[in-house]
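# Secondary and tertiary structure notes
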Amino acid sequence: MENELRNAIRELLEKQEIDVAIGYGRVGVDGAVGAVFVTSPDDVEQIVWNDECRQNLAVHLTRPEVKAFGKIGIVVKPCDARAVVVLANEAQVDLDLLTIIGVVCSGIKRAKPDGTTADEYYAKCETCVQHTPQNVTLVVGDVAEGEALDAKNEQNAATAGNNAKLAKLRAMTVEERFAYWREQFSRCVRCYACRQSCPMCYCNRCVADKNRPTRIDTSASLKGNFAWNILRAFHLAGRCVGCGACASACPAGIELDLLNLTVSDAAKEHFGFVAGTEFGVDPLIGTYADDDKEEFIR
Amino acid sequence: MSQIVTLEQLKQTLGAKLAAGAKVVAPVLDGEFASFKEIADVEQASFVPRICMQNSIEEFFFPKHETIFTFVRQGNDVVLNDAPDFDVEQIVVGARPCDAAALPVLDPLFAWDYDDRFYQRRRAKSTVVSFACTQSDAHCFCTAVGGSPENTHGADAILFDLGDGSFEVRAITDKGKALFDGKTTESDKVGKACDAPVVNFDVWKIADWIRANFDSPVWEQVSLRCVGCGTCAYVCPTCHCFDIVDEGSYKKGKRVKNWDSCQDAMFTMHASGHNPRDTQGKRQRQRLTHKFVIYPDKFKFYLCTGCGSCSRSCAQMFGVRPCLEALDKEVQ
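The shown structure was predicted, so the numbers you read here are calculated from the model rather than taken from an experiment. (Residues numbered from 1 in each chain as written. Chains lettered and ligands numbered in written order. Predicted model: local features only at pLDDT ≥ 70, side-chain atom pairs only at ≥ 80, totals over all residues. Heavy atoms only, no water.)

### Comments concerning the overall build of chain B
Along its length, chain B carries 11 helices and 12 strands. Its C-alpha atoms give chain B a radius of gyration of 21 Å, within 12% of the compact-globule value 20 Å for 332 residues. C-alpha atoms of chain B, sized along the principal axes, occupy 70 × 65 × 35 Å. Across the 332 residues of chain B, 57% fall into the buried class. In chain B, the proportion of contacts linking residues at least 24 apart, taken out of those at least 6 apart, comes to 70%. Summed over all atoms, the accessible surface of chain B reaches about 14300 Å², with 51% contributed by carbon and sulfur. Positive and negative charge centroids in chain B, built from 38 and 44 side chains respectively, lie 3 Å apart. (Helix = DSSP H or I, 4+ residues; strand = E, 2+ residues; numbered from the N terminus. Rg over C-alpha atoms; globule rule 2.2 N^0.38 Å. Buried < 20%, exposed > 50% of the residue type's maximum accessible area, 1.4 Å probe, protein only. Contact = heavy atoms within 4.5 Å. Areas by Shrake-Rupley, 256 points an atom, 1.4 Å probe, with all protein chains shown as cover. Lys, Arg positive; Asp, Glu negative; His and termini not counted. Charge placed at Lys NZ, Arg CZ, Asp CG, Glu CD.)

Printed below as a string of structure tokens:
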């Protein structure tokens, strides 16, 4: 499958359908997998595909230095493909300049704190049923037998990742849950790695950086930490695709994916909205419908 | 002959310090994460030499968030109150040699154009006990910046794990001697650290390349995968940039010092809207130049102890070592 992917990218580069391919390569310490930016057909051997391809490469699509390449080909896993859809629906990427290369994925192994690969899949992958990327220009790889599901079911299950942990969190009393997040947020150092790693956090100036006046305390104190993390979760309502890049990036090991998935699930529960399943859908937060229910505010 | 202390004796020593009101910082294990934390009970700590830590000991000398003074409006006046001085004894135990080595690197900075009493008080009140390394990994590169698995720079005492529930104690300073005075027994066992990590690049040569190649396109190329999350700076034992802000209302509030990172685009944003470091390549260049050119030019130390925490924590698999290795290809 790795060769199939390299061949597809080589062809795109040779035909000049793309100026750069953003894929995965062995770029880190001891060959750890991270993003590579390939501009020449001669360099496609740098590209790899395996169960260590953790990053959501969609985060690069809105960066000025990446946009400067011109026509971009991007390698996406099924969950990451949904992030590209959200970015397109929010007018952050020009689909005419984008070739979305979806790879069939049967799960990614999580990284241990020392950066090495653990012998276990991410929680989101354990419960994932979406192995074939949707809404992509081309698909590389075949779904293993027994794993194929129709697209509709896959969309419905799209926020299923992490549900076991979420269910545990929801079973807590309000006090227990508050204590849980209090402990988690007490570790936050306010580096904003979550924001920088998130494809959806593309604002030129984040509300956390506004200082005339200051909107939220910038201190890594409990007050500021609660304000920041809750504010970011709210901004991700109906937008988070559950890729888990925030949790992977967090140096303090805060389970941010659980927080953001909670809000995603609320969008699904109250509005039947799942982010990134279809092009041309208006953002949940940016639209109003006559039949919107209001009970959730009360 | 060597001096040894058993794990029980070490715990008793620290327990006595806790009972006397001292603050004790030690590695605490939480699942698979190990981090330096203030402990209330010695049983909370994990006295096993580790190289992978979620934080460094720096925050116990230069906290991630610290109040400078508080202010309150009283009638037409504003009353300022200085934050109280750090006034307890602090024992930091279990530091990695590369953590301890960061302190002498930071000392001249916090006593340069301004005597930073916050840092200096904590430093004067603290005793640092490090663990000699028992292993290194592919992220470690202390050997490239003058360190080693048994480096004693910045430590008041260093402990070598003897693998039998005891440690060889080598007191380095008077503070270290005082902490273990009467607590050790003589032995013929001698501790040994692991082999030094192998490094195939020369930081001195890379620093020369950095000096000569400010405008090189290589900076943008090597930094493309960096998303500017700044985790590298927040886990770094030597990174020390901070921001000063006022918090509260006009009636009552405080002026605070918070950690900051040069990897954040806002770090250099001018009020005019102009940003001299508007791409990740320029920000990465700043980080490396500060660590390997600017700081050693000014203070004679690299602003890096080779601990590898940056690359271990980086979700994009970047960090100082991968960056140095990429630059090394340009040197050759």
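Continuing now.
### Quick word on the packing of helix H9 (residues 222-235) of chain A against helix H11 (residues 256-271) of chain A
All names here are of chain A. Contact geometry of H9 with H11 gives a least axis separation of 8 Å together with a crossing angle of 45°. Between H9 and H11, the interaxial angle falls into the category oblique. Considering the relative orientation of H9 and H11, their crossing is right-handed. Along the contact surface, H9 presents Asn229, Arg232 and Ala233, while H11 presents Leu256, Leu259, Asn260 and Val263. (Axes fitted to C-alpha atoms, helices over the stretch in contact; angles between N-to-C directions. Parallel < 35°, antiparallel > 145°, perpendicular 65-115°, else oblique. Left-handed = near helix turned anticlockwise from the far one by under 90°.)

### Side note on the nonpolar core
Within the largest apolar cluster, 57 residues are counted, with the highest numbers of intra-cluster contacts made by Leu5, Ile9, Ile22, Tyr24, Trp49, Leu61 and Leu98 of chain A. Those elements giving two or more residues to this core turn out to be helix H1 (2-14), strand S1 (20-26), strand S2 (33-38), strand S3 (47-48), strand S4 (72-76), helix H3 (78-89) and strand S5 (98-103) of chain A. Top element by residues in this core is H3 of chain A. It accounts for 6 residues. Residues lining this core come from more than one domain, with at least three contributed by each of domain 1 (2-156) and domain 2 (161-271) of chain A. Ranked by size, the runner-up nonpolar core spans 35 residues in total, among them Ala193 of chain A together with Ala34, Val92 and Val105 of chain B. (Core = buried A, V, L, I, M, F, W, Y, C linked by side-chain atoms within 4.5 Å. Domains from an automatic or database assignment.)

### Let's talk about the environment of Gly75 of chain B
Inspection of the secondary structure assignment puts Gly75 of chain B in the loop between strand S4 (65-74) and strand S5 (77-82). In sequence terms Gly75 of chain B and Ala178 of chain B are 103 residues apart; their C-alpha atoms lie 51 Å from each other.

### Things to note about the pairing of S4 of chain B
All names here are of chain B. Of the pairings in the sheet, the one linking S4 to strand S12 (residues 252-259) comprises 7 bridges and is antiparallel in character. Within S12, the position partnered with His65 by the bridge is Asn258. As paired strands, S4 and S5 are joined by 6 bridges and run antiparallel to one another. Looking across to S5, one finds that Gln74 is bridged to Asp77. Counting the residues in the hairpin turn of S4 and S5 gives 2 residues, including Gly75, whose phi is positive at 65°. (Pairing = 2+ DSSP bridges.)

### Considerations on the packing of aromatic side chains
Taken as a whole, this structure holds 18 aromatic pairs over all chains when the rule is applied. Ring centres of Tyr24 of chain A and Trp49 of chain A lie 6.2 Å apart, and the angle between their planes is 55°; on these two criteria the pair is classed as tilted. One end of the pair, Tyr24 of chain A, is in strand S1; the other, Trp49 of chain A, is in the loop between S3 and helix H2 (64-67), with 25 residues separating them in the sequence. Judged on exposure class, the residue Tyr24 of chain A and its partner Trp49 of chain A are both buried. Members of the aromatic cluster, joined through ring pairs, are Phe62, Phe110, Tyr119, Tyr234, Phe242 and Trp259 of chain B. Sitting above the plane of the Phe160 of chain B ring, Arg170 of chain B keeps its charged end 3.9 Å from the centroid. The ring of Phe242 of chain B carries the charged tip of Lys257 of chain B above its face, separated from the ring centre by 5.3 Å. (Phe/Tyr/Trp six-rings, centres within 6.5 Å; stacked < 30°, edge-to-face > 60°. Lys NZ or Arg CZ within 6 Å of the ring centre and 35° of its normal.)

### Here's the deal with the interface of chain B and chain A
With 33 residues of chain B in contact, the opposing surface of chain A contributes 44 residues. In total, chain B and chain A occlude about 3300 Å² of area from one another, counting both sides; carbon and sulfur atoms represent 56% of this. For the pair chain B and chain A, the interface holds 2 salt bridges. In this structure, the connection of chain B to chain A is made through 15 residue pairs in polar contact (both at pLDDT 80 or more). (Buried area = accessible area lost by both parts, 1.4 Å probe. Salt bridge = Lys/Arg side-chain N within 4 Å of Asp/Glu carboxyl O. Polar contact = N/O pair within 3.5 Å; in protein donor to acceptor, adjacent residues only side chain to side chain.)

### Concerning the domain arrangement of chain A
Residues and elements named next belong to chain A. Under the domain assignment used here, chain A contains domain 1 (2-156) and domain 2 (161-271). Contact residues are listed per partner, giving 17 residues for domain 1 and 14 residues for domain 2. With both sides pooled, the region where domain 1 packs onto domain 2 buries about 1300 Å², and carbon together with sulfur makes up 57% of that total. Here Glu90 and Arg239 are joined by a salt bridge, their closest N and O atoms 2.7 Å apart.

### Details of the sheet that holds strand S1 (residues 2-6) of chain B
Residues and elements named next belong to chain B. Taken in spatial order, the 8 strands make up an open sheet running S3-S2-S6-S7-S8-S9-S1-S10, and their pairing is mixed. Every interior strand has two partners, whereas the edge strands, strand S3 (33-39) and strand S10 (185-187), have only one. Neighbour-to-neighbour, the strand axes of this sheet turn through a mean angle of 35°, independent of strand direction. Note: strand S6 (residues 90-95) against strand S7 (residues 126-131), 5 bridges, orientation parallel.

### A word on the environment of Thr279 of chain B
For Thr279 of chain B, the position within the fold is in the loop between S12 and helix H9 (280-299). Separated by 16 residues in sequence, Thr279 of chain B and Gln263 of chain B place their C-alpha atoms 9.6 Å apart. Not counting residues within four places of it along the chain, the set of residues in contact with Thr279 of chain B comprises Glu65 of chain A together with Glu220 of chain B. A distance of 2.4 Å separates polar atoms of two side chains, one belonging to Thr279 of chain B and the other to Glu220 of chain B.

### Some remarks on the sheet that holds S4 of chain B
Residue and element names in this part refer to chain B. Spatial strand order, S5-S4-S12-S11: 4 strands in an open sheet with antiparallel pairing. The sheet is open, and its two borders are formed by S5 and strand S11 (242-248), each paired with just one other strand. For this sheet, the mean angle separating the axes of adjacent strands, direction not counted, is 20°. Against the sheet, helix H4 (residues 117-125) touches S4, S5 and S12, its axis set at about 130° to S4.

### Focus: the confidence of the model for chain B
Here chain B averages 95 in pLDDT, while 100% of its residues score no lower than 70. Scored as a complex, the prediction yields pTM 0.91 and ipTM 0.90. (pLDDT = per-residue confidence, 0-100.)

### Focus on the confidence of the model for chain A
All names here are of chain A. Looking at chain A, pLDDT values average 88 and 92% of them are 70 or higher. This model gives residues 148-156 a pLDDT under 50, and the stretch forms 11 contacts once residues within four places in sequence are excluded. The model gives residues 158-162 a pLDDT under 50, and that stretch makes 17 contacts with residues more than four places away or in other chains.

### Focus: the state of the cysteines
Covalently bonding the sulfur atom of one cysteine to the sulfur atom of another cysteine gives a disulfide. Residues and elements named next belong to chain A. Summed over the entire model, instances satisfying the criterion amount to 0 disulfides over all chains. Cys125 carries a free sulfur, and the closest cysteine sulfur to it, the one in Cys105, is 5.9 Å from it. Judged by its relative accessible area of 15%, Cys125 falls in the buried class. Note on Cys201: no disulfide assigned, nearest cysteine sulfur contributed by Cys198 at a separation of 4.3 Å. (Disulfide = S-S within 2.5 Å.)

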